[in-house]
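Below, each chain spelled out in residue letters.
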Amino acid sequence: MSDAKLAVENLEAGYGAVRIVHGMDLSLAAATIGAILGPNGAGKSTTCKTLAGYLPATGGTIRLDGQDVTKKPCWWRARRGIFLVPEGRGIFPGLSVDDNLKLLLPKASEREQVFERFRVLGERKRQHAGSLSGGEQQMLSLAPTLVHRTEVLIVDEPTLGLAPRVADDVLSVFTELRDAGTSVLLVGESPHGIVDIADQVSLLHVGRITWSGPASDLDQATLEESYFGEAAESGSP
Amino acid sequence: MDQFVRDIVTGSVSGAIYALIAAGLVLTYASTGIFNLGYAGISFSAAFLFFELNSGLGWPQLVAAGIVILVYCPLLGLILDVAIFRKLARAPEAAQIVASVGVLLALPALCTFIVGRGITLFDWSIPTGTDAQLVPGLGPQPRHVYTLFSGVVITSDQIIVLVTAILCVAALWVFLRFTQTGLRMRAVADRHDLASMRGVNDARTSQLAWVLGTMLAGIAGVVGSPILRALDPNTYALAVFVAIAAAVVGGFRSVLLAFAGAIFVAVASNLTFTYATFASDIPGFNSTVPFLLLIGGLLIMAKARARVAGSISAEAPPPDYQRDLPAWRRALPSLIACALLLYGVYSLLGSFWLGITTRGLIFSLIFLSFTIVTGVGGMVSLAQAAFVSGAGLMAGALITRYDFPWLLALVCAVAASMLLGVLVALPSIRLGGVALALATLALAFVCGQVLFQVDWLRNGEFGWTFSPPAFGPFHLDNQRTMAGFTLILIFLVVWMIKNLERSNTGREMLAVRNAPAAAASVGVSPTATKLKVFALSAGVAGLGGVLLATQDVSITSNSVPPIAGLLWLAGVVLLGIRRPAGAIVAGLFLGVMPALLTGFTLPFDLAHWSGTRASEVPTILFGLGAIGLARQPDGIFQNVARQNFERREKRRQRKLAKQATSVGGAVAGVGNAVTPAATAAGDVG
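Residues numbered from 1 in each chain as written. Chains lettered and ligands numbered in written order. Predicted model: local features only at pLDDT ≥ 70, side-chain atom pairs only at ≥ 80, totals over all residues.

Asker: Is there a simple way to explain the overall build of chain A in this structure?
Answerer: The helix and strand tally for chain A stands at nine helices and ten strands. Taking 237 residues into account, the globule formula puts the C-alpha radius of gyration at 18 Å, and chain A, at 18 Å, falls close to it. Reported as C-alpha extents along the three principal axes, the dimensions of chain A are approximately 55 × 35 × 35 Å. Looking at chain A as a whole, 43% of its 237 residues qualify as buried. The contacts of chain A with a sequence gap of at least 6 include a subset with a gap of at least 24, amounting to 66%. (Helix = DSSP H or I, 4+ residues; strand = E, 2+ residues; numbered from the N terminus. Rg over C-alpha atoms; globule rule 2.2 N^0.38 Å. Buried ≥ 20, exposed ≤ 12 C-beta atoms within 10 Å, placed from the backbone. Contact = placed C-beta atoms within 7 Å.)

Below is the structure:
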């Protein structure tokens, strides 16, 4: 699996004595969209934070382009190209829109590109980012990745709380990023919308991947099995 | 009109020193989330070092200042960051406050201690510094005095402070506003988790913030020393408290607003001095203006923006590390300690040590009030010293002036102190964490400056003197009886705390602590619950205050300075804020420590030590202890309990492993599976 952009082997993580992720294997090829789906409490957010390095892994390895990054700190991984948009938006609510972008796009010309594409952000660049609407906030958190290509983009609950049309806009950003060469990992509770654009889907149940395969092979029965937990232990293909 | 203009001009000039301090406070708070009460200690140490280099060793002013600001301060900042504050970045707020109090206490004491020992032991030919009345700053010596229009006089020292403040604040503003590093610091302050996900190395920004903040403190200390005059830690602490008011008035985010806030606070104090003639009978009124502004600023800030997330320091309760022990085994350490204490009080100790121990026990009683308000209630109160003073003075007035019997005076004083508790808590109760702590500290100062200066209550400089009462054959002037009486009260209060945790109020408090909104939606009023806890805590502190006055036979308005509350809190948190044992041991320690350091002989001649004469040692020990919190934010007792628990757990694992191997390798899986279940069962029990 050395050709994978992001390769996770036997990953274990949790909080203190509580283990959430039990031996997860995952592989994300370059320029593809992968999806991790699972019900509440499956360990989705924990997985995201562990991949980004915000939580330390208690076991297993995480490789980026074949390089072991398991022990690297969060900021190091971010500079190396792992970009996580955490659940509930990845913006600095107390900083202005302009400052939010400036952190990753120090050049004014780069920020202009963002403002040309997202007019609203340009109009409100002096406002606190916290005052933007949910969709605008999600656009703001994704905008830097459109200018500077990141290696791996991980998004926790990309469409949660967004109006359907806004959600579609956000999802179209992901296909655009994939076509530009970014590997995207979408993590969510609801398969709605995510499965349609994903190339590869993994189902997560109580900290383990119970099914994994091309998005086209995913059928209703497998999905229900994973969400409702029946036969979850033996379901691994 | 002339007077008005004069007030404004001199206010602006003298506000500059506060602006300089406030800018540093805002910088550290905004970029690390830690409110550094130790700032005064840092400033003092810088001013002290500058004084010793300049006046002591005769170095030129600029060289001495350069060494202090460019070498000493950055190093100190790095040490503070690495050794203390970075570890506390995610610790409970009480631990953060206490660690910064540790810096506030320990740094100045260490400075004077080192210089003092150097002089006596190694014959250093430098001044002790403690009696310096006029410290040269960077300005010309002697200073120039300029007369502006209509009799407004400013000195060269003031001009230097003003220019330095303007330069520093402007530089800081440009740095934070327009540089990429400044932006990173603001990002960390806004959301530290996201900042690291965006490639910001928060360890590096934290380091930078501490180095810059410490350098600013050093600049303030060196440049401001001729304005603050006396080289005395308390003077610096007071200046920093005024600067806190400035920072709060400025909204606590922007260094520019903090600058404006400082000028505003100084001008307001000046104008009050001129125009508030109604208050001219109350000597301390003018110095309370910054504190009143501080309280007002905190309230407005809390109202204007929900910046203070919770109104208590919300934190998960630490796990119970004794859950696997039977009840008798849990109580055993306390029982042994009680037995030893009783043996000591009733048989072993001579009259000198008995008196010391009794005093310690009274402090234990006072410290139990922290267990109530912070341990149970989750609110950090720095006003406890005011309750102690207030109740003592009240009892003195009632007994001496109105011939109340002691017991009745005690009840009245406790009631008055509970009332004072409610009054202190009312305005500040909806503030959270640091804001609440600051508001209570400010109110303690206001009480000390105004309320306890009213002659009816304080009876002049000499205060009240009254003799301990007698109940039948029991005379409280007998130390054994007094110790026994205090022990009974301690027992009652501990029993009350235990009950409180299990009672309705206790459950309400827990509910309010964990989820204020949810508590309100099931009909629990957060305000009423918090007031109850605050009043109870003030009552216990007041009880201790009356006993302290009785033990000392006298009380004056200066017996317990407001700042003592900081030291007390440090002691209690150090040992453990959540359990009564922490407060009791801390009280005994604080009571006995000063006497212990003057030398002692252990019973049966086990050991003998002739002691040290350095008065700084207890403060240094307490301060260092508070700083040691960085390693164990839940207190020493909790740490010991955790270590013991882990040892027992390991032993159990080994036993299970042994059993498993003796039965056979095939069953090993089952043996392992038992362990989590056993722990879970322990959780329930």
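Asker: Could you clarify how one ought to interpret the overall build of chain B in this entry?
Answerer: The helix and strand tally for chain B stands at 26 helices and eight strands. In chain B, buried positions account for 49% of the 685 residues. Within chain B, contacts between residues separated by at least 24 positions form 78% of all contacts whose residues are at least 6 apart in sequence.

Asker: Would you take a moment to explain the interface of chain B and chain A for this structure?
Answerer: Quoted interface sizes are often the accessible area lost when the parts come together. In this assembly, 15 residues from chain B lie in contact with 18 residues from chain A. Of all elements in the fold, only α6 (180-190) and α7 (192-197) of chain B reach the threshold of two or more residues within the side of chain B that touches chain A. The biggest single contributor to the side of chain B that touches chain A is α6(B), with six residues. Tallied by class, the residues present in the side of chain B that touches chain A amount to five nonpolar, four polar and six charged. (Nonpolar A, V, L, I, M, F, W, Y, C, P; charged D, E, K, R; others polar.)

Asker: What should I look at first to understand the sheet that holds strand β4 (residues 59-64) of chain A in this one?
Answerer: Residues and elements named next belong to chain A. Taking strand neighbours across the sheet as the criterion, the four strands line up as β2-β1-β4-β5 in an open arrangement whose pairing is antiparallel. Each edge of the open sheet is held by one strand with a lone partner, namely β2 (18-28) and β5 (67-68). Pairing geometry for strand β1 (residues 6-15) and β4, over five bridges, is antiparallel. Among the inter-strand pairings, L6 is bridged to a residue of β4, identified as L64. (Pairing = 2+ DSSP bridges.)

Asker: Before we go on, may I ask you to explain the packing of helix α5 (residues 156-178) of chain B against helix α10 (residues 255-275) of chain B in this structure?
Answerer: If you want to describe how two helices pack, look at the angle between their axes and the distance between the axes. All names here are of chain B. Across the interface, α5 lies against α10 with an axial gap of 9 Å and an inter-helix angle of 155°. Considering their axes alone, α5 and α10 lie roughly antiparallel with respect to each other. Side by side, α5 and α10 meet where V169, L172, W173 and L176 of the first sit next to V255, L256 and F259 of the second. Classifying every residue of the contact of α5 with α10 gives seven nonpolar, no polar and no charged. (Axes fitted to C-alpha atoms, helices over the stretch in contact; angles between N-to-C directions. Parallel < 35°, antiparallel > 145°, perpendicular 65-115°, else oblique.)

Asker: Is there a simple way to explain the confidence of the model for chain A in this structure?
Answerer: In low-pLDDT segments, the atomic positions of the prediction should not be examined closely. Chain-level statistics for chain A give a pLDDT mean of 87 and a share of 95% at 70 or above. Low pLDDT, under 50, characterises residues 231-237 of chain A; the stretch is placed with eleven contacts to residues that sit more than four places away or in other chains. (pLDDT = per-residue confidence, 0-100.)

Asker: Would you mind showing me how to read the pairing of β4(A) here?
Answerer: In the case of a regular strand, side chains alternate between the two sheet surfaces. Residues and elements named next belong to chain A. Pairing analysis gives two bridges linking β4 to β5, with the strands arranged antiparallel. Within β5, the position partnered with R63 by the bridge is D68. The loop that links β4 with its antiparallel partner β5 comprises two residues; one of these, D65, has a positive phi angle of about 55°.

Asker: Is there a simple way to explain helix α19 (residues 504-514) of chain B in this structure?
Answerer: Owing to its 3.6 residues per turn, the α-helix brings residues three or four apart onto one side. All of the buried residues in α19(B) are E508(B), M509(B), V512(B) and R513(B). Buried residues of α19(B), seen end-on, are gathered within an arc of 135° and therefore sit on one face of the element. (Arc of directions from axis to C-beta.)

Asker: So what exactly am I meant to see when it comes to helix α23 (residues 580-597) of chain B here?
Answerer: Residues and elements named next belong to chain B. The terminal C-alpha atoms of α23 lie 26 Å apart, and with 18 residues this matches the ideal 26 Å at 1.5 Å per residue to within 8%. Of all the bends in α23, the greatest, near 30°, is centred on G591, and the proline P594 appears no more than four residues after it. Those residues of α23 not exposed but buried are P580, G582, A583, I584, V585, A586, G587, L588, F589, L590 and G591. (Expected span 1.5 Å × (residues − 1). Bend = angle between axes of the 7 residues up to and from the residue.)

Asker: Sorry, what's going on with the nonpolar core here?
Answerer: Inside soluble globular proteins, nonpolar side chains tend to come together where they are buried. All names here are of chain B. Counting 278 residues, the largest nonpolar core has Y18, A19, A22, A23, A243 and A246 as its most contacted members. The residues that make up this core include at least three from each of domain 1 (32-231) and domain 2 (327-334 + 360-561). Contact partners of A23, with chain neighbours within four places excluded, come to C168, V169, L172, L216, V255, A258 and F259. (Core = buried A, V, L, I, M, F, W, Y, C linked by C-beta atoms within 7 Å. Domains from an automatic or database assignment.)

Asker: Before we go on, may I ask you to explain the sheet that holds strand β10 (residues 208-214) of chain A in this structure?
Answerer: Residue and element names in this part refer to chain A. Read from one edge to the other, the open sheet built from six strands follows the order β6-β7-β8-β3-β9-β10, with strand pairing classed as mixed. The open sheet has two edge strands with one neighbour each: β6 (82-85) and β10. Neighbouring strand axes in the sheet, compared pairwise and without regard to direction, differ in orientation by 15° on average. Seen against the sheet, helix α7 (residues 164-179) touches β3 (33-37), β7 (152-156) and β8 (183-188) and runs at an angle of roughly 150° to β8.

Asker: Please clarify how the pairing of β8(A) should be interpreted in this entry.
Answerer: All names here are of chain A. By the criterion of burial, β8 is predominantly enclosed, with six of the six residues buried. Across the two faces of β8 the burial is the same, with S183, L185 and V187 and V184, L186 and G188 all buried. Taken together, the five bridges between β3 and β8 define a ladder with parallel strand orientation. Its bridge partner being in β8, L37 is matched across the sheet by G188. Note: β7 against β8, five bridges, orientation parallel. Within β8, the residue paired with D156 across the bridge is V187. The β-α-β motif built from β7, the intervening α7 and the parallel element β8 has right-handed crossover chirality. (Right-handed = clockwise from strand over helix to strand, strands pointing away.)

Asker: Could you clarify how one ought to interpret the environment of P405(B) in this entry?
Answerer: Assignment of secondary structure puts P405(B) in the loop between α14 (384-402) and α15 (406-428). Counting along the chain gives 64 residues from P405(B) to P469(B), while the straight-line C-alpha distance between them is 8.2 Å.

Asker: How should I be thinking about the packing of α5(B) against helix α8 (residues 202-228) of chain B in this particular structure?
Answerer: Residues and elements named next belong to chain B. Remark: α5 packs on α8, axes separated minimally by 8 Å, with the N-to-C direction vectors making an angle of 160°. Classed by the angle they form, the pair α5 and α8 counts as roughly antiparallel. Here α5 and α8 pass one another in a crossing that is left-handed. Every residue of α8 that contacts α5 at D157, Q158, I160, V161, T164 and C168 is listed here: L216, I219, V223, G224, P226 and I227. Here the residues of the contact of α5 with α8 are counted per class, giving eight nonpolar, three polar and one charged. (Left-handed = near helix turned anticlockwise from the far one by under 90°.)

Asker: What should I look at first to understand unusual backbone geometry in this one?
Answerer: A negative phi angle characterises most non-glycine residues, just as the trans form characterises most peptide bonds. Within the chain, N10(A) stands out as a residue other than glycine whose phi angle is a positive 55°. Checked against the element boundaries, N10(A) lands in strand β1. N10(A) sits in the exposed class, given 12 other C-beta atoms within 10 Å. Phi at V553(B) is positive, roughly 70°, even though this residue is not glycine.

Asker: What should I look at first to understand the confidence of the model for chain B in this one?
Answerer: Residue and element names in this part refer to chain B. Confidence along chain B averages 81 in pLDDT terms, with 89% of residues attaining 70 or more. Contacts from residues 304-314, a stretch scored under 50 in pLDDT, to residues over four places away or in other chains number 27 contacts. Low pLDDT, under 50, characterises residues 666-685; the predicted model gives this stretch twelve contacts beyond four residues in sequence or across chains. For this predicted complex, the interface confidence reaches an ipTM of 0.88, while the overall pTM sits at 0.80.

Asker: It is not clear to me how the environment of L298(B) should be interpreted in this structure. Could you clarify?
Answerer: Within the secondary structure, L298(B) sits in helix α11 (residues 285-304). Given 25 C-beta atoms within 10 Å, L298(B) falls into the buried group.

Asker: Would you mind showing me how to read the environment of A470(B) here?
Answerer: All names here are of chain B. Its location among the elements puts A470 in strand β4 (residues 470-471). Under the C-beta neighbour-count criterion, A470 is labelled partly exposed, with 13 such atoms within 10 Å. Between the C-alpha atom of A470 and that of V9, which follows or precedes it by 461 residues, the distance is 60 Å.

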